[in-house]
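Chain and residue survey
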Amino acid sequence: MREKIEIVQGDITKQKVDAIVNAANNSLLGGGGVDGAIHRAAGPDLLRETRTLGGCPTGEARVSKGYRLPAKWVIHTVGPIWQGGNSNEEELLASCYRNCFKAATDLGIKTIAFPSISTGAYGFPLKRAAKIALRETATFLETNQDLEKIVFVCFGKEVFDVYNQTLEDVISSLGH
Ligand code: AR6
């Protein structure tokens, strides 16, 4: 399981994987952060398609093509806005990862890359978010063999270090 998880520092729009995940907002019409970067790299056809999707509730996921991206697909998910921790934020973030894995298996793909959902503009504490991301990934990999590689693309060294440390914590707590 550990060998299927990769943590890298870099730009998700450059990843050569079957699908990249976008940390979008409920409108799916683009924004700042990783969402802005993905729309710029994919080109205007991406917005043309996401306009037809009718938005996306927080915690769910929607699929579009990748257009000019190296990735064939974009899985758009909407993370929760951090409101202090008592507004179901942790469950909603876990639900983003679960729904992205479901979308990936429905597409029949083998490789996927995630950004650190909700931890930029939406203010989710990084360590807590990383723990949720990696725990959901480990749980998924325990029962599902479809995905061969799951990449966490960390934008900056701080995020990279936190993900690496958290992966060790999650794996040892699961007894692997
Ligand atoms: N590649 C990988 N990660 C990136 C990139 C990139 N090119 N650019 C930024 N990040 P954010 P959120 C990191 O704010 O918190 C948008 O406006 C970033 O450093 O992109 O879920 C949407 O439209 C951080 O670690 O997403 C929504 O309105 C992580 O991606 C809102 O922001 C997530 O930061 C969503 O906020």
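Anything mentioned here points back to the structure above.
Described in the following lines is the structure provided in the data block. Bear in mind the structure is a predicted one, so any value in this text is a computation, not a measurement. (Residues numbered from 1 in each chain as written. Predicted model: local features only at pLDDT ≥ 70, side-chain atom pairs only at ≥ 80, totals over all residues. Heavy atoms only, no water.)

**Notes on the layout of surface pockets**
Space inside the largest pocket adds up to approximately 610 Å³. For the largest pocket, the lining is made up of 26 residues, of which Ala23, Gly33, Val34, Ser116 and Gly120 are closest to its centre. Counting residues per element, the lining of the largest pocket draws most heavily on helix H1 (residues 33-42), at five residues. Tallied by class, residues from the lining of the largest pocket come to 14 nonpolar, nine polar and three charged. (1 Å grid on protein atoms, 1.4 Å probe; cavity = no way out; pocket = protein on both sides within 12 Å on 5 of 7 lines; lining within 4 Å. Points joined across faces, edges and corners; volume = space filled by probe spheres on them. Helix = DSSP H or I, 4+ residues; strand = E, 2+ residues; numbered from the N terminus. Nonpolar A, V, L, I, M, F, W, Y, C, P; charged D, E, K, R; others polar.)

**Comments concerning the packing of aromatic side chains**
On inspection of all chains with the given rule, the structure shows six aromatic pairs. On the numbers, 5.6 Å between centres and 35° between planes, the contact of Phe152 with Tyr163 is tilted. Taken together, the residues Phe152 in strand E6 (residues 149-154) and Tyr163 in helix H5 (residues 157-174) connect sequence positions 11 residues apart. Pair check on accessibility: Phe152 and Tyr163 agree, each one buried. Here a set of aromatic residues connected by ring pairs shows up, and it is made of Tyr97, Phe101, Phe114, Phe140, Phe152 and Tyr163. (Phe/Tyr/Trp six-rings, centres within 6.5 Å; stacked < 30°, edge-to-face > 60°. Buried < 20%, exposed > 50% of the residue type's maximum accessible area, 1.4 Å probe, protein only.)

Structural measurements only, silent on function.
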